[in-house]
Every structure is written in C-alpha cells, then in structure tokens.
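Residue-level listing of the chains:
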2 protein chains.
Amino acid sequence: IPGPVEVSDEVLSAMSSPVVAHYGPEWTEIYDETLSLARRVFLTKSNDMFLIPGSGSAGLDAGLGSLVEGNRKVLVPINGWFGRRLRNIASTHSNDVHVVDFELGEPVDVGVIDDYLADRPDVEVLAATHCETSTGVENPVEELGKVCSRHDVLLIVDAVSSLGGSRVKTDEWGVDICVTASQKGLEAPPGLALVSVSPEAWDVIEGTPDPGWYLNLKVWKKFASDWASWHPFPVTMAVNNVLALKQSLTRILEEGLEERFQRHEEVTDFLRESLRNLGFTLFVGNDYRSTTVTSVEADSRFEVEELREYLEDEHSIKIAGGLGDLEGKLFRIGHMGPGASYDSILPLLFGMGKYLREVGE
Amino acid sequence: IPGPVEVSDEVLSAMSSPVVAHYGPEWTEIYDETLSLARRVFLTKSNDMFLIPGSGSAGLDAGLGSLVEGNRKVLVPINGWFGRRLRNIASTHSNDVHVVDFELGEPVDVGVIDDYLADRPDVEVLAATHCETSTGVENPVEELGKVCSRHDVLLIVDAVSSLGGSRVKTDEWGVDICVTASQKGLEAPPGLALVSVSPEAWDVIEGTPDPGWYLNLKVWKKFASDWASWHPFPVTMAVNNVLALKQSLTRILEEGLEERFQRHEEVTDFLRESLRNLGFTLFVGNDYRSTTVTSVEADSRFEVEELREYLEDEHSIKIAGGLGDLEGKLFRIGHMGPGASYDSILPLLFGMGKYLREVGE
C-alpha cells in the first residue's frame, strides 16, 4: 500500500520510550537535534523547520493558511486527489484560488503553468503536489521551482509521499514551504507533520492575517524564538513520536540519501518492467513515474477488488485500489522505505503471477 | 509536574505495536471502539466524538474556530495562562472576542458571567477552562453550564488537564464542545486531541464559515459520515497513538470513573493538608482546588527554582514553576492519573521536608 510503511523495530522501540516532559534543556536538545536531522533529509541548510503534531494535511494547512489567509491569489495545478486536497485546503483560507487541471496519470505541464503565471502576474503562491499518490505521477517540482523563481511566486510543495524515498531538494529547487509527514518516506509512525519555511516565505507570512492559532506558522516561529532554551514550540509536543522520528531520520542518513534514492529507483524500474512482463498496463509513463508508488490499470483479465482481496488473504500483501474517480480503474503498489526492496517486491510479483494463472485457467 | 503523566507499560506497549494501515474495516472497528470508550469517559451518551492528531490546543482551535470563525461574538473568562490561550485562539477566528478578567488563584465568578450575558444578549459562545493548570484552580463549569443554558449560549470547555482525573459531566453540565488531550488525565502519550460536539453546537457550526481545513469540524463530520465504513476521518490517523489511548481508556474504565475521581480528591486533600503542615501557603482555597494540580506560594524560606532543582537532582521528582507573571511566585505539583497516589506524593513530601530542614539550618 502507498503508506503508512512498515516501521523498524528500533523506531518502534523509541515510540514506546517512557513518556518524558516536553520541556527543559534535555528535551530541547533532543528536539533541536531532530530538527537538524530533518533539515539534512530535506536538503535544506538554513530554512526553518517545524515538527507539528498532526497529519501531513495539518502541515499543508499550516503552510497554505499562513501564506494565503485573507484572500491572497494562489494557483493550484491539479492532476489527482491530493492536488484537489491542496485546492480544498487553500479555499478555506482564500477566495482567490485558481486551478489548472491536468489529465489523471499525466504530470503537471510546466509550460502551461509558466504561461498562466505570465498572464497573471498577481498570483503570489503556487501550491503543488510532488508525488501525486493517487496516480503515482511525480510532478516536475524542480522545473516548477524555476518557473516560480522567474515569476517571483512562492512555491509550497506537498512532499508527503515522496520525501525520504525520492529526491526533494528543498534549497536547490527553491521550495519555499516543503511539507511531509512522519509515516511515509521517513519510515516512522504517523502523527507528525514536518514543515520547512524559507526566508522569502516568512516575508509574506509576516504580512498575512492569522489563519487560526495552532496551524499558524507565526505562532510556531514566535515560540521557537521566545522559548528557544526550554520549550521551542507553542504546544505539548508528541514526545514519543519525535523520539521515533529521530531514530528513523538517523537510520535514513546512515543509509545515505543518494544510496536511498537509487535503491528506490532501481526497485521501481524492476517492478515496472516485471509488471509489464506479466501483461499489465502501467498508468504512468517512465518519465514521470513516482519511485514510491506505482499505479497499474485494470484490464479485462481481472477485477481490482478481487485481486486486492486475493493478495491480502492468500499472501498477506496489501495493495490499494483507486481513489475517487479512479476506483475500480487501477490499483496502487506502495514501495517506499523498507518496501523499496526485492524482498518486498518479489512475493508481490509471485502472488500476482499466481493470481493471473488461476483466473486464466 | 502538571503533565504529561507517567504512562503504564501496557499503554506504552500498545504505542509500539507494528504500524497498521489507518483504513479498512479492521482499523475502523478499533477506531470506533476507541470513540465509544472516550464517550464513556467524557460522560456523554450521544455527542459526536473526534480524535484529532495534534495537541490539546489543536482540539481547542478546532472547536473554537468551527464555532466563532467569521466574527461571532464569544466571551472568554480569564483567570490564568490557559484562559488567555483560549482568548488568543479565539482572536485568530473572530474580531469580536470579549474578555472578563478574574484574579489569578481565584475561580471564574459565575455571577459576573451571568450579568455579562444578561447585558449582552448577542454573545453566542462562552469559552472557559475547567482546570486552569497555571494556578490549580478548578473553574465552576457545572454552574457556567447552567448560566449558558439560561442565556442560550454555547459552552466550549478546555478540559485538557482535568478530564479523566476530575469530574467532567459533558451531557449533564451541557458542555457543547468538550476538549481534552491524550497525555494528562487520560494517561496516554501526547499526540491526540479529543473533541466532543453536541447537536446544538452543530447547528451553529453548520452556519459558520470554514476556519481552515484540518481543524474544521465540518470536514471531520463529513468524512465520519461519507467514509464511515472504511476511513471515518479526513487524514492519516496516528494509529499507534490511538492504540495506546484505547488501552488507557480501557484501564480508566476498569478502575471506575467515580472511584478514580475519589482517589484524586483524597490524594489532593492529603497533599494540601500535608503541605500546610510543612508551613507552605496554598495558592488556591479549598472550594476551588483542582484535584489534578496544586499550586504553592513562594515564601521567605526558599527560592522556587532552588527547590525545583533540589527535588529533581536529589530525589528525581519533577515539579513545575509558575508560568508567565507567576514565575518565581509559586510552584506546581501535578497529581493526575498514576500521580494521584500516596506512593507518588509521600516521596515528594519527604523531599520537601528535607529541603526545608537543610535550608533552615
């Protein structure tokens, strides 16, 4: 399934540490170390980093609300369920949300966005998904970053299902607000959103009305500064989740980011070729394939729901169906973190081969 | 310290369960059972219940924002740090926030609120803290509920540091939105807010503009209904935190709510008398004492910070200083959940007695 991913024993063990107080110098040191590790995985040197108890959508709401509350003009390219969610979140903060739709299974077309921004110089923010989990498309965020920079537009990216498994170069690509969650590429249990914020984003946020209190990055910045030495966040921190995340970030950096990305690419390409060998049609072309989730089209040989149940019942392997309009039309295989391994992919391919043989007989 | 509390081994063990998917019939059953257990601890039969990944303040922001966004008139009685936080949160959603201040260490005066609401029939919401953790006052929420009902005003209560350790009768007292968090009276690790919502609150929420997306109770209600059978919430649920909470709610109900409240009262009164025997002055009178946190005034015999460090270094016991204006003027002892026991209180009293003897020599 496309997350949450299996979590290692050492991370789970951190999750069940005795609950410690979320303040004082000892905890603040642990917290600050976790922020530093997160910055390294985000590939950002100096952007501010926040750990917000909540889901990935909480982080997106914090980033979007802090940027666009009070009807700032924002453009959202949509090519799937999670692009629509960005639009939905933005719409609760601004009545000036613009949308450009792209085909499901196709990437966001950078040229179209470039033209749109050229025509509308008053757009101030672009909100894009990196990996569109609902289709398995990885959108060209690096190119979007260049376009945004050219038009002086801030870029906020939903990297929930990519970061940690696929390259997200926050600084190099010019991602002003980058959001992910603990439970996918970062291989920790769910419960924390991670949000990085650039100096350029702060300039706009400081002039934006409050989008609420808890998901208001101004509030988080104020406590990070005012209470830096003993309680650098405004609320009770989810301490066990942070300890687990710290452990998983450490593991990720020990593996090495580049090694990790290559592992995901290698396993993805092996999986895709093997699926083609089994006669499946992939939903997304090679150029924009996600390296964390792969979508496969339904065809006349099988029913998606039947295949899903067969794999779960007979092989204890979980795949996911399509979301929304894509229900019944495709299935999705998650391969992030520990799932990006031959050990995890081969039993799946074996099970699918067996299923096809059985239904074909 | 006034939370987070020590968490039992069986709850911690649930916290480190292998991460399961946050959807499907199996998970939905676990989630729904947890909601039922929470309703029993909230003493509500039929109010809707939500588990929101986040801190207690996330729950308060969800409740307040969903009620008052778009400048609804709300009254906040303030007698401490957490009353001010309610005001701060409300102010990000409404420019019509009214405040009545009371002395620190004194309870909210119900008569004053009654008069205020009589003078201002356009106030629609009252937001009050139950236990004001910063002073150890328990505000008279039952009486506030009667006043609200008389004036046809909705009541939202911050029960973060009381619920589970002190009586909170959501239905009987007419608390329209009741908010707590996992890590205090509920004895689970931090990371989840619990929010109950009455039918009367829904009537107002449905007519209120969106206060954002993640902390928007309308969004949570929609998914609880539309996706009831497989994914009854809008986001990735913090599954391990929910499993731990389910375990701790079960333990609480096994002990028995009334037994539990009496245990907290008995230990509180023993602690208060013993502190008086040691010559300390209590900050709060007997009639409005919290049964989860006790505040003690500084006096000429000692420095708060010195006592705090002594107890931590010599006896591994944590107490907390005063917050904000009360820094240096008092210290606070938490006694909720496992802390509401003689086993936990006696070593503290012993350590304090020893400290006083040593500084007195």
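Residues numbered from 1 in each chain as written. Chains lettered and ligands numbered in written order. Predicted model: local features only at pLDDT ≥ 70, side-chain atom pairs only at ≥ 80, totals over all residues. Heavy atoms only, no water.

Caption draft 1: The arrangement of the interface of chain B and chain A in detail. Counting residues at the interface gives 52 residues for chain B, matched by 52 residues for chain A. Counting each side, the surface lost to burial between chain B and chain A is near 3500 Å², with a carbon and sulfur contribution of 69%. There are zero salt bridges connecting chain B and chain A. Seen at the junction of chain B and chain A, the total is 13 residue pairs in polar contact (both at pLDDT 80 or more). Secondary structure elements with two or more residues in the side of chain B that touches chain A: α1 (9-15), α3 (56-68), α4 (81-91) and α10 (239-255) of chain B. (Contact = heavy atoms within 4.5 Å. Buried area = accessible area lost by both parts, 1.4 Å probe. Salt bridge = Lys/Arg side-chain N within 4 Å of Asp/Glu carboxyl O. Polar contact = N/O pair within 3.5 Å; in protein donor to acceptor, adjacent residues only side chain to side chain. Helix = DSSP H or I, 4+ residues; strand = E, 2+ residues; numbered from the N terminus.)

Caption draft 2: Expanded view of the pairing of strand β9 (residues 192-197) of chain B. All names here are of chain B. Within β9, six of the six residues are buried, which leaves it mostly tucked inside the rest of the structure. Side chains of β9 alternate between two faces, with Leu192, Leu194 and Ser196 and Ala193, Val195 and Val197 buried alike. Direction of pairing for strand β1 (residues 48-53) relative to β9: antiparallel, over a ladder of six bridges. From the neighbouring strand, Pro53 faces β9, where its bridge partner is Leu192. Looking at chain direction, strand β8 (residues 177-181) and β9 are connected through five bridges and run antiparallel. Residue pairing across strands places Val179 opposite Val195, the latter belonging to β9. (Buried < 20%, exposed > 50% of the residue type's maximum accessible area, 1.4 Å probe, protein only. Pairing = 2+ DSSP bridges.)

Caption draft 3: Fine view of the sheet that holds strand β3 (residues 97-101) of chain B. Residues and elements named next belong to chain B. If you walk across this open sheet you meet the seven strands as β1-β9-β8-β7-β4-β2-β3, and the pairing is mixed. Since the sheet does not close on itself, it has two edges, and those belong to β1 and β3, each with one partner. Averaged over all adjacent pairs, the angle separating strand axes in this sheet is 20°, with direction ignored. The pairing of strand β2 (residues 74-78) with strand β4 (residues 125-129) spans two bridges and is parallel. Bridge pairing in β4 places Leu75 opposite Leu126. Packed onto the sheet, helix α2 (residues 25-42) meets β1, β8 and β9 and runs at close to 115° relative to β1. (Axes fitted to C-alpha atoms, helices over the stretch in contact; angles between N-to-C directions.)

Caption draft 4: The arrangement of empty space enclosed by the protein in detail. All names here are of chain A. Inspection of the entire model under this criterion finds four cavities of 30 Å³ or more. In this structure, the largest cavity spans a volume of roughly 70 Å³. Empty space within the second largest cavity amounts to approximately 50 Å³. If you trace the second largest cavity, you find it lined by Gly80, Trp81, Arg84, Leu104, Ser134, Leu323, Asp325 and Leu326. (1 Å grid on protein atoms, 1.4 Å probe; cavity = no way out; pocket = protein on both sides within 12 Å on 5 of 7 lines; lining within 4 Å. Points joined across faces, edges and corners; volume = space filled by probe spheres on them.)

Caption draft 5: Representation of the environment of B:Val160. Relative to the helices and strands, B:Val160 is located in the loop between β7 (154-158) and α7 (170-173). Ignoring any residue separated from it by four or fewer positions in sequence, one finds B:Val160 in contact with B:Gly56, B:Val179, B:Thr180, B:Ala181 and B:Lys184.

Caption draft 6: Structural view of the relation of the copies chain B and chain A. Each copy superposes on the other: chain B lies on chain A with an RMSD of 0.0 Å after a rotation of 180° and an axial shift of 0.0 Å. Both chain copies can therefore be described as sitting about a two-fold axis. Scanning chain B for the C-alpha nearest the rotation axis identifies B:Gly54, at a separation of 2.3 Å. A share of 100% of interface residues in chain B that are also interface residues in chain A marks the association as one of identical surfaces. (Least-squares fit on C-alpha atoms with pLDDT ≥ 70 in both.)

Caption draft 7: Inspection of the packing of aromatic side chains at higher detail. Within the structure shown, the criterion is met by 24 aromatic pairs over all chains. Relative to B:Trp227, the ring of A:Trp81 has its centre 5.5 Å away and its plane inclined at 20°; by these criteria the two rings are stacked. Placement of the pair is A:Trp81 in helix α4 (residues 81-91) and B:Trp227 in the loop between α9 (217-226) and α10, with the two residues belonging to separate chains. Per residue, the accessibility class of A:Trp81 equals that of B:Trp227, and both read buried. (Phe/Tyr/Trp six-rings, centres within 6.5 Å; stacked < 30°, edge-to-face > 60°.)

Caption draft 8: Focus on the packing of α3(B) against α4(B). Residues and elements named next belong to chain B. Taken N-terminus to C-terminus, the directions of α3 and α4 make an angle of 50°; their axes are 9 Å apart at the nearest point. Between α3 and α4, the angle falls in the class oblique. At the point where α3 passes α4, the crossing takes the right-handed sense. Residues Ser57, Leu60, Asp61, Leu64 and Val68 of α3 lie in contact with α4, whose contacting residues are Arg85, Leu86, Ile89 and Ala90. Partitioning the contact of α3 with α4 into residue classes produces six nonpolar, one polar and two charged. (Parallel < 35°, antiparallel > 145°, perpendicular 65-115°, else oblique. Left-handed = near helix turned anticlockwise from the far one by under 90°. Nonpolar A, V, L, I, M, F, W, Y, C, P; charged D, E, K, R; others polar.)

Caption draft 9: Molecular detail of the domain arrangement of chain A. All names here are of chain A. In terms of domain boundaries, chain A breaks down into domain 1 (9-255) and domain 2 (257-360). A straight line from the C-alpha centre of domain 1 to that of domain 2 covers 28 Å. A buried area of about 2300 Å², summed over both sides, lies between domain 1 and domain 2, and 58% of it is on carbon and sulfur atoms. Our enumeration of links across domain 1 and domain 2 arrives at five salt bridges. Taken together, the connections running from domain 1 to domain 2 amount to twelve residue pairs in polar contact (both at pLDDT 80 or more). At the level of elements, α2 (25-42), α4, β6 (137-138) and α10 (239-255) are the ones that each hand at least two residues to the side of domain 1 that touches domain 2. Looking at the side of domain 1 that touches domain 2, the element that brings in the most residues is α10, giving three residues. Class assignment of the residues belonging to the side of domain 1 that touches domain 2 gives a composition of eleven nonpolar, eleven polar and six charged. (Domains from an automatic or database assignment.)

Caption draft 10: Up close: the packing of helix α11 (residues 257-277) of chain A against helix α13 (residues 342-360) of chain A. Residue and element names in this part refer to chain A. Axis separation between α11 and α13 bottoms out at 11 Å; the angle between their running directions is 10°. The orientation of α11 relative to α13 falls into the category roughly parallel. Taking contact as the criterion, the partners of Glu266, Val267, Phe270, Leu271, Ser274 and Leu275 in α11 are, on α13, Tyr342, Ile345, Leu346, Leu348, Leu349 and Met352.

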